[in-house]
Amino acid sequence: MQQKDTQLKRLIKVRSDISASIYPIELYQVDDYFTAEENGVELFRFKSQHLCSIKAKELIRQRKNEINAKIMQKINELKAQGIL
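Predicted model, so just to flag it, every value in this text is computed and none were measured. (Residues numbered from 1 in each chain as written. Predicted model: local features only at pLDDT ≥ 70, side-chain atom pairs only at ≥ 80, totals over all residues. Heavy atoms only, no water.)

If you tally the helices and strands in the chain, you get two helices and four strands. Mapped in sequence order, the helices and strands of the chain form the string β-α-β-β-β-α. Against the compact-globule benchmark of 12 Å for 84 residues, the chain has a radius of gyration of 19 Å, which places it well outside the compact range. Based on the C-alpha atoms only, the size of the chain along its principal axes is roughly 70 × 35 × 15 Å. Counting over 84 residues, the chain shows a buried share of 23%. Of the contacts made within the chain by residues no fewer than 6 positions apart, 25% connect residues no fewer than 24 positions apart. By element, 53% of the accessible surface of the chain is carried by carbon and sulfur atoms, the whole surface being about 6900 Å². Across the chain, the mean location of the 15 positive side-chain charges is 5 Å away from that of the 11 negative side-chain charges. (Helix = DSSP H or I, 4+ residues; strand = E, 2+ residues; numbered from the N terminus. Rg over C-alpha atoms; globule rule 2.2 N^0.38 Å. Buried < 20%, exposed > 50% of the residue type's maximum accessible area, 1.4 Å probe, protein only. Contact = heavy atoms within 4.5 Å. Areas by Shrake-Rupley, 256 points an atom, 1.4 Å probe, with all protein chains shown as cover. Lys, Arg positive; Asp, Glu negative; His and termini not counted. Charge placed at Lys NZ, Arg CZ, Asp CG, Glu CD.)

Pasting the structure below:
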C-alpha cells in the first residue's frame, strides 16, 4: 500500500491591517512556498510571502473596482431613465 505524502499547511498570521485588506483570502505556508486560498480553493502561489500578500491585495482591489463600476453604471442608467 502506497502512502501519500501529506503536506502541512500553516496559516500565516499577518498584520491586522493586511488581514482586513485581503479578507476573505487566507495565506498559508506549504513546504517551501506560500499560497493564497479562498473558500479552500488555491488562487495562486509564490516563493515569497510578500509577493503572495501583494497579489492578494491586487485581487481584492480589482474585485472592489469591478463592483464599484457596476454600481456607477446602474446609477447612470437610473439617472438616464429619470428615476434619480
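The buried count for strand β3 (residues 33-38) comes to six of six residues, which makes it a mostly enclosed element. Of the two faces of β3, the one carrying Tyr33, Thr35 and Glu37 and the one carrying Phe34, Ala36 and Glu38 are both buried. Here strand β2 (residues 26-30) runs beside β3; their pairing, made up of five bridges, is antiparallel. Bridge assignment links leucine 27 to a residue of β3, and that residue is alanine 36. Connecting β2 to the antiparallel partner β3 that follows it, the hairpin turn spans two residues, and aspartate 31 within it adopts a positive phi of roughly 50°. The sheet contact formed by β3 and strand β4 (residues 41-46) spans five bridges and is antiparallel. The partner of alanine 36 across the bridge, within β4, is phenylalanine 44. (Pairing = 2+ DSSP bridges.)

On to the confidence of the model for the chain, then. Overall, the prediction assigns the chain a mean pLDDT of 87, with 93% of residues at 70 or greater. At the level of individual helices and strands, the chain shows its lowest average pLDDT in helix α1 (residues 16-22), which scores 76, and its highest in helix α2 (residues 49-80), which scores 95. (pLDDT = per-residue confidence, 0-100.)

Among the surface-exposed residues, Leu78, Ile83 and Leu84 lie close enough to one another that they form a single nonpolar patch of about 300 Å² accessible area. The residue leucine 84 is located in the segment after α2 in this model. With a relative accessible area of 62%, leucine 84 lands in the exposed category. (Patch = residues over 30% accessible without salt bridge, like charges linked within 9 Å, V, L, I, M, F, W, Y side chains within 5 Å. Salt bridge = Lys/Arg side-chain N within 4 Å of Asp/Glu carboxyl O.)

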